[in-house]
Amino acid sequence: MDGKTSLAFFEQYPSHHLLKGTTVKELREFLLKPSNFACSIKKAEKIFSMIKEDGDTTRDYQAERDFIIQSHIRRIRNCKEEMKAIEQHLKLLMQGTGYQTESWMLVFIFR
């Protein structure tokens, strides 16, 4: 769920009803960039097929539910950015200590 493609999808379409009027081709085009151009027409068709199987999932307070999902997506992205920054700082720190392996993070955490 925290991959680039999933995050892009759920940020844009936090619930099924937001895909109404979107074509398979449009969905594929939207997902191309976050999927590093790996999203196929078959994948977009599969998404629509799964939505059709689920039926109408619109509920009371749907706009608020959508907002909460989008908020979670923003939080996940923020956490991922923070993790990258921490890893960069840890790499610099570990270079200064002379560790030669990629297990430096485990050594640092459990020290």
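Just so we're clear, the structure is a prediction, and the values are computed from it rather than from any experiment.

So, on to the overall build of the protein. Secondary structure assignment for the protein yields five helices and zero strands. Along the protein, from the amino end to the carboxyl end, the secondary structure elements read α-α-α-α-α. Taken over 111 residues, the protein has a buried fraction of 22%. For the protein, restricting intrachain contacts to residue pairs at least 6 apart in sequence, the fraction spanning at least 24 positions comes to 49%. In the structure as shown, the protein presents an accessible area of about 8,600 Å², 57% of it carried by carbon and sulfur atoms.

Applying the stated criterion across every chain yields a total of three aromatic pairs. Grouping aromatic residues by their ring pairs yields a cluster made of Phe 9, Phe 10, Tyr 13 and Phe 30.

Let us now look at the environment of Ala 8. Tracing the backbone shows Ala 8 in helix α1 (residues 4-12). Residue class for Ala 8 comes out buried when judged on its relative accessible area of 12%. Along the primary structure Ala 8 and Ser 35 are separated by 27 residues, whereas in three dimensions their C-alpha atoms are 9.2 Å apart. Beyond its immediate sequence surroundings of up to four residues, Ala 8 is in contact with Phe 30, Pro 34 and Arg 77.

Formed by Phe 9, Tyr 13, Leu 19, Leu 27, Leu 31, Cys 39, Ala 44, Ile 47 and Ile 51, the largest nonpolar core amounts to nine residues. Those elements that place two or more of their residues in this core are α2 (24-32) and α3 (41-54). It is α3 that contributes the most residues to this core, three residues altogether. For Ile 51, the contacting residues outside a window of four places in its chain are His 16 and Leu 19.

All right, on to α2 then. Helical geometry note: an α-helix holds 3.6 residues per turn, so side chains three or four residues apart project in the same direction. If you check which residues of α2 are buried, you get Leu 27, Leu 31 and Leu 32. Axial view of α2: buried residues confined to an arc of 140°, hence all on one face. Next to the buried residues of α2 lie α1 and α3.

With that settled, consider the confidence of the model for the protein. Within the protein, residue pLDDT values average 90, and 88% of them lie at 70 or more. Confidence, read as mean pLDDT per element, is least for helix α5 (residues 104-110) in the protein (58) and greatest for α2 (97).

By secondary structure assignment, the location of Ser 15 is in the loop between α1 and α2. Residue class for Ser 15 comes out buried when judged on its relative accessible area of 10%. At 2.8 Å, the side chain of Ser 15 forms a polar contact with the side chain of His 17. Only 3.5 Å separates the side chain of Ser 15 from the side chain of Gln 62, close enough to count as a polar contact. Other than its neighbours up to four places away in sequence, Ser 15 contacts Gln 62 and Asp 66.

Thresholds, definitions, all that
- Residues numbered from 1 in each chain as written.
- Predicted model: local features only at pLDDT ≥ 70, side-chain atom pairs only at ≥ 80, totals over all residues.
- Heavy atoms only, no water.
- Helix = DSSP H or I, 4+ residues; strand = E, 2+ residues; numbered from the N terminus.
- Buried < 20%, exposed > 50% of the residue type's maximum accessible area, 1.4 Å probe, protein only.
- Contact = heavy atoms within 4.5 Å.
- Areas by Shrake-Rupley, 256 points an atom, 1.4 Å probe, with all protein chains shown as cover.
- Phe/Tyr/Trp six-rings, centres within 6.5 Å; stacked < 30°, edge-to-face > 60°.
- Core = buried A, V, L, I, M, F, W, Y, C linked by side-chain atoms within 4.5 Å.
- Arc of directions from axis to C-beta.
- pLDDT = per-residue confidence, 0-100.
- Polar contact = N/O pair within 3.5 Å; in protein donor to acceptor, adjacent residues only side chain to side chain.

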